[in-house]
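Chain by chain, the residues run as shown.
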Amino acid sequence: HRGMVNLACNQQALFGLQPHHRVLAFASISFDGAVWEWLMALAHGASLHLCTDEDRRSADRLADFLERERITHA
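This report concerns the structure included in the present document. Just so we're clear, the structure is a prediction, and the values are computed from it rather than from any experiment.

Regarding unusual backbone geometry
The backbone of Arg 70 sits at a positive phi, close to 55 degrees, despite the residue not being glycine. In this structure Arg 70 comes out as exposed when scored by relative accessible area, which is 55%.

Regarding a nonpolar patch on the surface
Together, Leu 14, Phe 15 and Trp 36 line one region of the surface with nonpolar side chains, adding up to about 290 Å² of accessible area. Tracing the backbone through its elements, the reader meets Phe 15 in helix α1 (residues 2-15).

Focus on the environment of Glu 69
Inspection of the secondary structure assignment puts Glu 69 in the segment after α4 (59-68). Not counting residues up to four positions away in its chain, the partners in contact with Glu 69 are Arg 22 and His 49.

Digging into the nonpolar core
The biggest cluster of nonpolar side chains holds seven residues, and these are Leu 17, Val 23, Ala 25, Met 40, Ala 41, Ala 46 and Leu 48. Sorting the residues of this core by element identifies β1 (22-25) and α2 (34-42) as the ones contributing at least two each. Membership of the second largest hydrophobic core comes to five residues, among which are Leu 24, Leu 62, Phe 65 and Ile 71.

Some words on the pattern of salt bridges
Considering all chains together, one arrives at four salt bridges under this definition. Note that Arg 22 is salt-bridged to Glu 69, the shortest N-O span being 3.8 Å. Highlighted residues: Arg 22 in strand β1 and Glu 69 in the segment after α4, separated in sequence by 47 residues. Classification of Arg 22 by relative accessible area gives buried; the value is 18%. The closest approach of N and O atoms between Asp 55 and Arg 61, which form a salt bridge, is 3.0 Å. Among the charged side chains, a network of salt bridges with common partners joins Arg 22, Arg 68 and Glu 69.

Rules behind the numbers
Residues numbered from 1 in each chain as written. Predicted model: local features only at pLDDT ≥ 70, side-chain atom pairs only at ≥ 80, totals over all residues. Heavy atoms only, no water. Buried < 20%, exposed > 50% of the residue type's maximum accessible area, 1.4 Å probe, protein only. Patch = residues over 30% accessible without salt bridge, like charges linked within 9 Å, V, L, I, M, F, W, Y side chains within 5 Å. Areas by Shrake-Rupley, 256 points an atom, 1.4 Å probe, with all protein chains shown as cover. Salt bridge = Lys/Arg side-chain N within 4 Å of Asp/Glu carboxyl O. Helix = DSSP H or I, 4+ residues; strand = E, 2+ residues; numbered from the N terminus. Contact = heavy atoms within 4.5 Å. Core = buried A, V, L, I, M, F, W, Y, C linked by side-chain atoms within 4.5 Å.

Below is the structure:
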């Protein structure tokens, strides 16, 4: 658990996360990189916004998702 605490503390120092922030969950949950996104949101009280596979595969749909959901961190 120490590694996750260190990661969360580092994310806070780098990105200044606050509860009003909105984080994009882009990576598949089967990819270990998803932990980065989930921890970034959940450890700091921010909201986590999961995009669909269709949004992930289309630059236009992803751009629309980012704007519609007012994503602050991706």
